[in-house]
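Observations on the three-dimensional arrangement
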Amino acid sequence: MQIEILDRGEAEFHFIDPDDFREFVRDKKTRDWKDKLMEEKEAVKKFVKDGDYLAYDFSSLTRGPQSLIREIIRQRKKKLWICAKFTLLESALLAGGGCVEKIDVGFLGFGEYIARKVENGEVKVYDWSNGSITYRLLAGAMGIPFIPARDLLGTDTFKKSGALAIRDPFTNKPVALLPALNPDVALIHVQEADIYGNARVYGPTVATLETAMASKRVIISAERIVETIEFRKEPNMTIIPYYLVDAVVHAPFGAYPGGTQGYYEMDAEHYLKVSSIKTEEEMQKYLEEYVYSVDNHEEFLEKRVGMKKLKELVRKAEILEGFR
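Everything in this summary refers to the structure shown in the same document. Small disclaimer: the values here were computed from a predicted structure and weren't measured. (Residues numbered from 1 in each chain as written. Predicted model: local features only at pLDDT ≥ 70, side-chain atom pairs only at ≥ 80, totals over all residues. Heavy atoms only, no water.)

Where helix α10 (residues 268-275) is concerned, the buried positions are H270, Y271 and V274. The arc that holds every buried residue of α10, seen down its axis, measures 100°, which confines them to one face. Relative to its buried face, α10 has exposed residues pointing more than 90 degrees away, namely A268, E269 and L272. Against α4 (89-96) and α11 (280-292) lie the buried residues of α10. Its side-chain oxygen placed 3.2 Å from the backbone nitrogen of E269, D267 serves as the N-cap of α10. (Buried < 20%, exposed > 50% of the residue type's maximum accessible area, 1.4 Å probe, protein only. Helix = DSSP H or I, 4+ residues; strand = E, 2+ residues; numbered from the N terminus. Arc of directions from axis to C-beta. Contact = heavy atoms within 4.5 Å. Polar contact = N/O pair within 3.5 Å; in protein donor to acceptor, adjacent residues only side chain to side chain.)

What follows is the structure in structure tokens.
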């Protein structure tokens, strides 16, 4: 039976043959119990290369890998293609740092500055929905070349994506085919991890495990480093198993200025500062103050945020927990 193609989106898309991805995992990943704990500077230098496709789990509002994003900007990585699923400030900051060339857009956010970058042709964007990007990561995790879905059908987003619409041979109705997504690097912030890469996430998630499974390399940043025995006591709480992970970074307040459930709330005032950026001059001033002028995440917290603010965000989280 021949599949009838009804329509196709016009965007280019990142794609790796599933067999090539399986070969990479077989040859480059290990199940050895290896200590993967390192500073964010080493992790980014070792595993993020110019031209890579980057994905990160969840949102810059909650549990986003912000310390790793700042380190990528600090190291001035170039020509990145990023998966903007539930993203807000990451796209704008990476664009401001000259790091990003292409963005698969689920939700872009922080409109005026990044919109100008797109209008000027400095950054290319390809439309997807949050759901379709998640489906693509699921397909990548499953090792299949595409996944059928009803997502995108009948929308202008479909036209600007890389999806296909076909006639389903079983029902004779239209169905979208979404190409699998296998990122070069995934950045995932978690509440707890051990030195080998076992990780726990508490609270809301989107596609934490799927993103890790679909990616060639995985960098975990964690609020706390805990002993492996804790994972063995409650194995059902392990969201990401160690053998998917390439680097573990201890990063208390690693999601700042976003929050991490059970630890601290987001800093709304700092978010307003970023979302108010409109011009290139304002962006470069922000990056100089909060990224380039500090050597690492610890120095950023000490010199640019301060213990008083951090304690306030922790206290807010404790108060909110009391009402849940």
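Let us keep going from here.
Okay, a negative patch on the surface next. A surface patch of negative charge is lined by D17, D19, D20 and E23. Exposure remark for E23: the relative accessible area of 41% places this residue in the partly exposed category. (Patch = residues over 30% accessible without salt bridge, like charges linked within 9 Å, V, L, I, M, F, W, Y side chains within 5 Å. Areas by Shrake-Rupley, 256 points an atom, 1.4 Å probe, with all protein chains shown as cover. Salt bridge = Lys/Arg side-chain N within 4 Å of Asp/Glu carboxyl O. Lys, Arg positive; Asp, Glu negative; His and termini not counted. Charge placed at Lys NZ, Arg CZ, Asp CG, Glu CD.)

Looking now at the nonpolar core. In terms of nonpolar packing, the biggest core is built from 52 residues, with I73, L94, I103, L187 and I219 touching the most fellow members. In terms of residue count, the dominant contributor to this core is α11 (six residues). (Core = buried A, V, L, I, M, F, W, Y, C linked by side-chain atoms within 4.5 Å.)

Of note, the bond from Y256 into P257 is cis; its omega dihedral lies within 30 degrees of zero at 10°. At R63, a position not held by glycine, the phi torsion is positive, near 60°. In this structure, R63 sits in the loop between β2 (53-56) and α3 (66-74). Among the residues examined, R63 registers a relative accessible area of 1% and is labelled buried. Of note in the backbone geometry, L152 takes a positive phi value of approximately 80° without being a glycine. Mapped onto the fold, L152 is located in the loop between β6 (146-149) and α7 (156-159).

Turning next to the packing of α3 against α11. Running from N to C, α3 and α11 cross one another at 110°; their axes reach a closest spacing of 10 Å. Taken together, the axes of α3 and α11 lie roughly perpendicular to each other. As α3 packs across α11, the resulting crossing turns out to be left-handed. Side by side, α3 and α11 meet where R70, I73 and R74 of the first sit next to L287, Y290, V291 and Y292 of the second. The residue makeup of the contact of α3 with α11, split by class, is five nonpolar, no polar and two charged. (Axes fitted to C-alpha atoms, helices over the stretch in contact; angles between N-to-C directions. Parallel < 35°, antiparallel > 145°, perpendicular 65-115°, else oblique. Left-handed = near helix turned anticlockwise from the far one by under 90°. Nonpolar A, V, L, I, M, F, W, Y, C, P; charged D, E, K, R; others polar.)

A word on the side chain of T208. The topology assignment puts T208 in helix α8 (residues 208-214). Given the relative accessible area of 3%, T208 is considered buried.

In short, geometric facts, not functional conclusions.
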